[in-house]
Amino acid sequence: MAFRATAMMAFRATAINRSDSLSKWAYNLSGFNKYGLLRDDCLHETPDVTEALRRLPSHVVDERNFRIVRAIQLSMQKTILPKEEWTKYEEDSLYLTPIVEQVEKERLEREQWEKEY
């Protein structure tokens, strides 16, 4: 019984490690990190994303705009950043997604309110 429990815990740990390594592989395969972009820099700009950007501090929006302009320039030059400057999986943070989710929640709540009253 103890062996089985230990084997199951080892299997779960292996599955988590494989999942993490698969995530890293997919992250690097996507290619946006080679231009220095973060995941949230690639969000399609819907009205909810635009509102979330408006709520961000100006220095965060400026950093985002710099990364996007640099990526466009690199793309036009048909080049990528040196490997040391690529965005690493561990360093990538979701700075915009939580705010977008909050904006979507508020919009849906407002639509529901308008529908009922």
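For clarity, every value in this text was computed on a predicted model and none was experimentally measured.

**As for the overall build of the protein**
The helix and strand inventory of the protein stands at four helices and zero strands. Mapped in sequence order, the helices and strands of the protein form the string α-α-α-α. Looking at the protein alone, contacts between residues at least 24 apart form 80% of all its contacts between residues at least 6 apart. For the protein, the accessible surface area stands at approximately 8900 Å², while carbon and sulfur atoms represent 60% of it.

**Here we look at the confidence of the model for the protein**
Residues of the protein with pLDDT of at least 70 account for 85%, and the chain-wide mean is 87. Taken as a whole, residues 1-16 scores under 50 in pLDDT and shows zero contacts with residues more than four places along the chain or in a different chain.

**A word on unusual backbone geometry**
Even without a glycine there, the phi angle at Lys78 is positive, about 55°. Mapped onto the elements of the fold, Lys78 is located in the loop between helix H3 (58-76) and helix H4 (97-116). Classification of Lys78 as exposed rests on a relative accessible area of 77%.

**What to know about helix H2 (residues 47-55)**
Turning to H2, its buried residues are Asp48, Val49, Ala52 and Leu53. Here the buried residues of H2 occupy an arc of 140° about the axis, which is enough to place them on one side. Exposed residues on H2 whose side chains face more than 90 degrees from its buried face are Pro47 and Arg54.

**Points about the side chain of Thr87**
With respect to the element layout, Thr87 can be found in the loop between H3 and H4. For Thr87, a relative accessible area of 10% gives the class buried. A distance of 3.1 Å separates a polar side-chain atom of Thr87 from the backbone oxygen of Leu37. If sequence neighbours within four positions are ignored, Thr87 has contacts with Tyr27, Asn33, Gly36, Leu37, Leu38 and Asp92.

**Brief notes about a nonpolar patch on the surface**
A grouping of Leu22, Trp25 and Leu29 is seen on the molecular surface, where their side chains present a nonpolar patch of about 380 Å² in accessible area. Within the secondary structure layout, Trp25 lies in helix H1 (residues 2-30).

Analysis parameters
Residues numbered from 1 in each chain as written. Predicted model: local features only at pLDDT ≥ 70, side-chain atom pairs only at ≥ 80, totals over all residues. Heavy atoms only, no water. Helix = DSSP H or I, 4+ residues; strand = E, 2+ residues; numbered from the N terminus. Contact = heavy atoms within 4.5 Å. Areas by Shrake-Rupley, 256 points an atom, 1.4 Å probe, with all protein chains shown as cover. pLDDT = per-residue confidence, 0-100. Buried < 20%, exposed > 50% of the residue type's maximum accessible area, 1.4 Å probe, protein only. Arc of directions from axis to C-beta. Polar contact = N/O pair within 3.5 Å; in protein donor to acceptor, adjacent residues only side chain to side chain. Patch = residues over 30% accessible without salt bridge, like charges linked within 9 Å, V, L, I, M, F, W, Y side chains within 5 Å. Salt bridge = Lys/Arg side-chain N within 4 Å of Asp/Glu carboxyl O.

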